[in-house]
Amino acid sequence: QVQLVESGGGLVQAGGSLRLSCAASGRTFSSYAMGWFRQAPGKEREFVAAINWSGGRTFYADSVKGRFTISRDNAKNSVYLQMNSLKPEDTAVYYCAARADERLWAGIHGYDYWGQGTQVTVSS
């Protein structure tokens, strides 16, 4: 069992930056790829970014490429999402997720554990 807790969300003006953190606890000794997803009101949950276990490979949705950076610190059992040049359309609840496989994955059904989410609101 793995528990994931997101933090770092909040209200920010367009063009600003925010860094989200996801702290993992439980059986984290296994190799897990990690991902970030987001869900805006009335919309389906969508993929944002993913990173493999070693941190050597990342993948981003086109909508955030060049603005967001995913990283991880396995010694701290944490994964991060640095968000720069934020836009109002980035407003959503952001979720971190863990996959019981070391390879990154962009599909929502490829993840086994989910956090409760953290709200990010970008004002114009």
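This section reports on the structure supplied with the text. (Residues numbered from 1 in each chain as written. Predicted model: local features only at pLDDT ≥ 70, side-chain atom pairs only at ≥ 80, totals over all residues. Heavy atoms only, no water.)

Attention shifts here to the side chain of Arg-99. Its location among the elements puts Arg-99 in strand β9 (residues 92-99). Apart from the residues lying within four places of it in its own chain, the contact partners of Arg-99 are Ser-31, Tyr-32, Ala-33, Leu-104, Trp-105, Gly-110, Tyr-111 and Asp-112. (Helix = DSSP H or I, 4+ residues; strand = E, 2+ residues; numbered from the N terminus. Contact = heavy atoms within 4.5 Å.)

A separate point is the pairing of strand β5 (residues 46-51). Of all 6 residues in β5, 5 are buried; the element is thus mostly enclosed. Across 5 bridges, strand β4 (residues 33-39) lies against β5 in antiparallel orientation. Counterpart to Trp-36 in the pairing with β5 is Ala-49. Counting the residues in the hairpin turn of β4 and β5 gives 6 residues, including Gly-42, whose phi is positive at 80 degrees. (Buried < 20%, exposed > 50% of the residue type's maximum accessible area, 1.4 Å probe, protein only. Pairing = 2+ DSSP bridges.)

Within the fold, Ser-78 resides in strand β8 (residues 78-83). In this structure the side chain of Ser-78 is engaged in a polar contact, spanning 3.0 Å, whose partner is the backbone oxygen of Lys-76. Setting aside chain neighbours within four positions, we find Ser-78 in contact with Cys-22, Ala-23, Arg-72 and Asp-73. (Polar contact = N/O pair within 3.5 Å; in protein donor to acceptor, adjacent residues only side chain to side chain.)

Evaluated as defined, the whole model comprises 6 aromatic pairs. Centre to centre, the rings of Tyr-32 and Tyr-113 are 6.1 Å apart; their planes meet at 85 degrees, and the pair counts as edge-to-face. Here the residue Tyr-32 occupies a position in the loop between β3 (18-26) and β4, and Tyr-113 occupies one in strand β10 (residues 113-114), the gap between them amounting to 81 residues. For the pair Phe-37 and Trp-114, a centre-to-centre distance of 4.9 Å together with 55 degrees between the ring planes defines the contact as tilted. Highlighted residues: Phe-37 in strand β4 and Trp-114 in strand β10, separated in sequence by 77 residues. (Phe/Tyr/Trp six-rings, centres within 6.5 Å; stacked < 30°, edge-to-face > 60°.)

So, about the state of the cysteines. Covalently bonding the sulfur atom of one cysteine to the sulfur atom of another cysteine gives a disulfide. For the structure on display, the rule yields 1 disulfide. In this model, Cys-22 is linked to Cys-96 through a disulfide, with the two sulfur atoms separated by 2.0 Å. Its S-S torsion of approximately 55 degrees makes the covalent link between Cys-22 and Cys-96 right-handed. Of the two residues, Cys-22 sits in strand β3 while Cys-96 sits in strand β9, which places them 74 residues apart along the sequence. Both residues of the pair, Cys-22 and Cys-96, belong to the buried class. (Disulfide = S-S within 2.5 Å.)

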